[in-house]
Amino acid sequence: ESPLLHTVIISDDVTHSGGPDKVAVPLPVIVAILATPRIRHFHVLGYLYHPADPVPTFGDDFSLSPIMSFKYDILLLRDQPRAFLPEAALLNAIIPKLRNSLTTLELPVENAPLMAIYENDWPALRDLRLCGEYRTIGDPCVPYVSLLRRMPRLRSLRLHLANPSDVPPQALWPESL
């Protein structure tokens, strides 16, 4: 155990290259890092979870440390697939559990748990960054600005979203709000 370790950054330039041999973080490693008591900052540069890995499952006793910063950066011009079920399931299991402690959240929007972000309170969140290809939230669709309604301490918002060519442009902040 490293009593002074509070930040883990996982970076591998190979992960940005894409293709079937792309590298990602094994699930037991992700869980072990996020459950380490003193870890407060977790940053992944590259793929977090490999598209070919199985959909992760977690038991009721699944717990995480009070992570303050969860940053997942991936190249915007990455190879396909951009959205894939195993990573979406992983982020949907992890991110909501961190809602009371997170002050910074940065995610690629394609696999981000947007409904969980929309449905939960985020009392400490100060910085939110979503990047990637635009996707709708909910059915019926709610605007991206509605994500902010449960983030009383939010001070910084960055939405860097590309509109897919087959989807008409959507208002992120409709005039009616």
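Residues numbered from 1 in each chain as written. Predicted model: local features only at pLDDT ≥ 70, side-chain atom pairs only at ≥ 80, totals over all residues. Heavy atoms only, no water.

Draft legend 1. How the structure looks around the overall build of the chain. The number of helices and strands found in the chain is 3 helices and 6 strands. Written out in order from the N terminus, the α and β elements of the chain read β-α-β-β-α-β-α-β-β. A total of 177 residues make up the chain; the buried ones form 43% of that total. Across the chain, the fraction of contacts at a sequence separation of at least 24, relative to all contacts at a separation of at least 6, is 73%. With an accessible surface of roughly 9,400 Å², the chain has 55% of that area assigned to carbon and sulfur atoms. (Helix = DSSP H or I, 4+ residues; strand = E, 2+ residues; numbered from the N terminus. Buried < 20%, exposed > 50% of the residue type's maximum accessible area, 1.4 Å probe, protein only. Contact = heavy atoms within 4.5 Å. Areas by Shrake-Rupley, 256 points an atom, 1.4 Å probe, with all protein chains shown as cover.)

Draft legend 2. How the structure looks around the packing of aromatic side chains. Considering all chains together, one arrives at 3 aromatic pairs under this definition. The ring of Y118 carries the charged tip of R149 above its face, separated from the ring centre by 4.2 Å. (Phe/Tyr/Trp six-rings, centres within 6.5 Å; stacked < 30°, edge-to-face > 60°. Lys NZ or Arg CZ within 6 Å of the ring centre and 35° of its normal.)

Draft legend 3. Just the pattern of salt bridges, in detail. Tallied over the full model, the rule gives 3 salt bridges. The partner of D73 in a salt bridge is R129, with the nearest N and O atoms 2.6 Å apart. With D73 in strand β3 (residues 69–73) and R129 in strand β5 (residues 127–133), this residue pair connects regions lying 56 residues apart in the sequence. Relative accessible area serves as the criterion here: at 15%, D73 is assigned to the buried category. The salt bridge partner of E106 is R129, with a shortest N-O separation of 3.5 Å. Of the two residues, E106 is situated in strand β4 (residues 104–108) and R129 in strand β5; the sequence distance between them amounts to 23 residues. Classification of E106 as buried rests on a relative accessible area of 13%. Through salt bridges with shared partners, a single network forms among D73, E106 and R129. (Salt bridge = Lys/Arg side-chain N within 4 Å of Asp/Glu carboxyl O.)

Draft legend 4. Expanded view of the sheet that holds strand β1 (residues 7–11). Sheet architecture is open: 6 strands sit in the order β1-β2-β3-β4-β5-β6, paired in parallel fashion. Either end of the sheet is taken by a strand with one partner, and the two such strands are β1 and β6 (156–162). Within this sheet the neighbouring strands show an average axis-to-axis angle of 5°, counted without direction. Bridging between strand β2 (residues 41–45) and β3 involves 5 bridges; their strand directions are parallel. The residue bridging H41 from the neighbouring strand is S69, located in β3. (Pairing = 2+ DSSP bridges. Axes fitted to C-alpha atoms, helices over the stretch in contact; angles between N-to-C directions.)

Draft legend 5. Spotlight on helix α1 (residues 27–35). Within the span of α1, buried status applies to L27, I30, I33 and L34. Looking down the long axis of α1, one finds its buried residues gathered within 135° of arc, a one-sided arrangement. The elements touched by buried residues of α1 are β1, β2, β3 and α2 (85–94). (Arc of directions from axis to C-beta.)

Draft legend 6. Looking closely at the environment of F42. On the secondary structure map, F42 appears in strand β2. Judged by its relative accessible area of 0%, F42 is buried. Spatially, the C-alpha atom of F42 lies 5.0 Å from that of F70, the residues being 28 residues apart in sequence. Ignoring anything within four residues of it in the chain, the contact list for F42 reads V8, I10, I33, L34, L48, I67, S69, F70 and K71.

Draft legend 7. Region of the structure containing α2. Taken as a whole, α2 has its buried residues at P86, E87, L90, L91, A93 and I94. Buried residues along α2 cover an arc of 160° about the axis, so they all sit on one side. Against α1, β3 and β4 lie the buried residues of α2.

Draft legend 8. Structural view of the confidence of the model for the chain. Mean pLDDT over the chain works out to 84, with 86% of the residues at or above the 70 mark. Within the chain, α1 has the poorest average pLDDT of any element, 89, and β4 the best, 96. (pLDDT = per-residue confidence, 0-100.)

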